[in-house]
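# What the coordinates show
Residue-level listing of the chains:
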Amino acid sequence: MRLFGHRVTILAMLGMAVIIINLVAAIGAPWIAPWDQAEIVGDAWGDPDADHVYVPLMGLDNLGRDLFSRLIYGARMSIGLSFIITCLSFAIGITTGFTAAVLKGWVDTALSRLVDLLLSMPTLIFAFIILSVLGTELPVLIVTIAILDSTKVFRLSRALAMNLAALEYVEVARVRGEGLWWVIRKEILPNAMAPLIAEFGLRFSFAFLFIAALSFLGLGIQPPDADWGSMVRDYRDMINLDSTAPLYPAGAIALLTIGVNFVVDWMLAIHSRSHGDG
Amino acid sequence: MSTLIIKHKETARLRPLLRLILQRLGLGFGTLLAASLLIFVGTEILPGDLASAVLQNSATPESLAEMRKELGLDRPAYVRYAEWLGNVAVGDFGHSLASHRDVVEEITPRLKNTVFLAVYAALLAVPLAIVLGLMAAIWQGGIYDRLVNFVTLLTISVPEYLVGYILIKYLSVRYAWFPSLANVTPDTPFGDRLVLTFLPVLTLTLVVVAHMMRMTRASVLNIMASPYIEMAFLKGLPKWQVVVRHAFPNALAPIINVIALNLAYLIVGVVVVEAVFVYPGLGQLMVDAVSKHDVPVVQAAGLIFAAAFILLNMTADILAIVSNPRLRHPR
C-alpha cells in the first residue's frame, strides 16, 4: 500500500487503524455506546437488570454503569481534550518560535531564556504548582499543559526556521519588504511542514499521556465526565479482587499512544530518507 | 626538559576543563535559583492567591483581607520572595496549611522513602539496561535484537500505571508472590522493605530500562564502525570480546549521559508509581497537597523535585564534558 507516494509499513498501518478506530469511537460515541456514560444500569460490578439485548462486554463499574460504554465516551474526552491542547500548544509554539528565528536579536534571546526557565523543572511538577493555586478546572488544565508543551514546539520550530530564514528566498522576501507575518506564513511554514506534522503526533501523545496521568492522580478531569485516566483511578481498587476493570482504560491509553508512535516513526523515517542519503 | 613541557601542557589542558565544570556547577545553581523563583511566582502571584486558596468558598472580602494580612500577603512580592528564599536556605519551609505541622518534619520521612525507591530502582535498572543493550549489540540484526527493539518500542509508550496494575494483578493477586501495597512505616526492617517495594521498583525499572538499553545499543554500535574495532576483528577476536572489551569502554561516556537523563525521568515516574502502590513517598504527599491547596508543602516538594532534576541534568552535562575531548577544548 502507498500513501502520498510513500510505502506504508505494517506497523504504520496498524497505527493508523488504531487511530481511526479511536476517532470513530470518539466522534460516534452516542450512537455506538449501548448505554449513556452516566446511566446506571445495574448493581455495582454486577449484571445489568431488566431485559437487555446487549451483554456488557466488560461488565458494570463501581456505580453500576456500563464499563464499555464509558470507555467509548472516554475516548471523546481524552482524545478531544488532548487534541485541543496540542493545537493550542502548536499555535503558541510555532508563532513564538518562528518570530524568534526571523527577528533574532533580543526577542530571540528573551523567548529562548524564558523557555529554558520553564524547562528547568519537570513538567509534571510545574503543572502541580500551577494547579495547586488555580484548581483543576478544564480551562486551567488546557492552558497550563498547552503552555508547558509549547516550549518543546518552540525549540523545534525555532531551529527549523533558523535554517530556513538563512535561505535566499526568505531573504528576498524580506528585502522586498514583506511583513513578518507574511514571511512566516508564505515562506517558512510550508517548508517546515513535514517535521512539524511528525512533531504534532509526538506532542499529541505527550499531552494525552500527561492529562491521563493527571486524571489518574485525581488532579485532571473531574467527574462525572468519563475519561480514561480517571476511569483507571475509579476502578483501581478492583485490581485486588483479580478484576480486569482498571486494565481496560489503561490499556486503551497505551494502545492509542503506541498507535500514534508507530505512525510518527514512519513519518520521521520517510522524512529523513527524502532528505538524507536518498 | 621534555617531560616538563608535557607536564605544563597537561595542566594547561586540565585548567579549562576545571573551569568548564565550575561553570556548569554555577549554571546548575543559577538554574535552581530560577526554579525557586518560578515556584514562588507560580504559587503566590497568580490570580487565585494563597488567601483565597485557603478560604475556598467561605471567602468574603473582609476575611480575605484579614487572611492576606495574616499570611503576610499584603507586603510586596519581592520582599516575600527574599524572605521565603532566606528561610528555605536555612531549611525552614514554614508550616503546612492543612495539618499545621512543620513542613520539614512532614516531608523528611516521605523524602527518605522516595529516595529509597528511586535508588533501589536505579540499582536494578542501570545494570540490567547495560547488559541487555550489550546483548542486543552483540547479536545485532538477530531475532533477539529485533524482539528487544519491538518490546522497547512498546514499553516506551506504555504508562506506568498500566505496567503497575498488570504486575499487581498477576504477581500479587493471582500468584501472591509479592504484596500489592507498599505500605512501609519508618520502623519497617530493611529486608521487609526490599520485598514490600519490589513491585513498584520493578514497574519503574520496566519503564526506564527500555530507553536506556536502546541508547546503550546505539552507542556501542556507533563505536563498532571505527577502524580500531575492525582491527580487533582482524586480530581474530570473538565478537563478544570486541563488544565488551573494545567498544563498550569507549561507548561508556554517552551511556552514562543517557542514564543520568533517564534517572531524571524517574522523578516523574515516581509520582505515578507511588500512587499506584499507595507508597508513602514525597510524590503522594505532593499530590495530596495540590488537591488541598497546601501551598507551603507544594513549594517545598516542588523545590526538592526540581533540585533533583537539575542535579541529574547537571551531572549528565559534566560527564559529557569530561568524556568528550571536543567539548574539553572549547574554541
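Definitions and limits used
Residues numbered from 1 in each chain as written. Chains lettered and ligands numbered in written order. Predicted model: local features only at pLDDT ≥ 70, side-chain atom pairs only at ≥ 80, totals over all residues. Heavy atoms only, no water. Patch = residues over 30% accessible without salt bridge, like charges linked within 9 Å, V, L, I, M, F, W, Y side chains within 5 Å. Areas by Shrake-Rupley, 256 points an atom, 1.4 Å probe, with all protein chains shown as cover. Salt bridge = Lys/Arg side-chain N within 4 Å of Asp/Glu carboxyl O. Helix = DSSP H or I, 4+ residues; strand = E, 2+ residues; numbered from the N terminus. Domains from an automatic or database assignment. Buried area = accessible area lost by both parts, 1.4 Å probe. Polar contact = N/O pair within 3.5 Å; in protein donor to acceptor, adjacent residues only side chain to side chain. Contact = heavy atoms within 4.5 Å. Nonpolar A, V, L, I, M, F, W, Y, C, P; charged D, E, K, R; others polar.

### Quick look at a nonpolar patch on the surface
- There is a patch of nonpolar side chains on the surface, built from Ile10, Leu11 and Leu14 of chain A together with Leu147, Phe150 and Val151 of chain B and spanning about 550 Å² of accessible area.
- Residue position: leucine 11 of chain A is located in helix H1 (residues 10-32).

### Re the pattern of salt bridges
All names here are of chain A.
- Throughout the structure, instances matching the rule amount to 9 salt bridges over all chains.
- A salt bridge links arginine 113 to aspartate 116; the nearest nitrogen and oxygen atoms lie 3.1 Å apart. With arginine 113 and aspartate 116 both in helix H3 (residues 105-118) and 3 residues apart, the pair spans about one turn of that helix.
- Through salt bridges with shared partners, one network takes in Arg113, Asp116 and Arg155.

### As for the domain arrangement of chain B
All names here are of chain B.
- Once the domains are mapped, chain B shows domain 1 (2-89) and domain 2 (110-328).
- Buried area between domain 1 and domain 2, summed over both chains or domains, comes out near 1600 Å², and the portion from carbon and sulfur atoms is 80%.
- By the criterion of area lost to domain 2, the three top residues of domain 1 are Leu17, Arg24 and Ile39, representing 28% of everything that side buries.
- Joining domain 1 to domain 2, the criterion identifies 1 salt bridge.
- For the pair domain 1 and domain 2, the number of links is 2 residue pairs in polar contact (both at pLDDT 80 or more).

### Section: the interface of chain B and chain A
- At the interface, 42 residues of chain B touch 42 residues of chain A.
- Three residues stand out in chain B for area buried against chain A, namely Leu38, Tyr161 and Tyr165 of chain B, and they jointly supply 19% of the buried area on that side.
- In this assembly, chain B and chain A are joined by 1 residue pair in polar contact (both at pLDDT 80 or more).
- For the side of chain B that touches chain A, the secondary-structure elements that each account for two or more residues are helix H1 (2-44), helix H6 (143-157), helix H7 (160-174), helix H11 (239-276), helix H12 (282-291) and helix H13 (295-323) of chain B.
- Broken down by element, the side of chain B that touches chain A gets its largest block of residues, 8 residues, from H7 of chain B.
- Among the residues forming the side of chain B that touches chain A, the class breakdown is 31 nonpolar, 9 polar and 2 charged.

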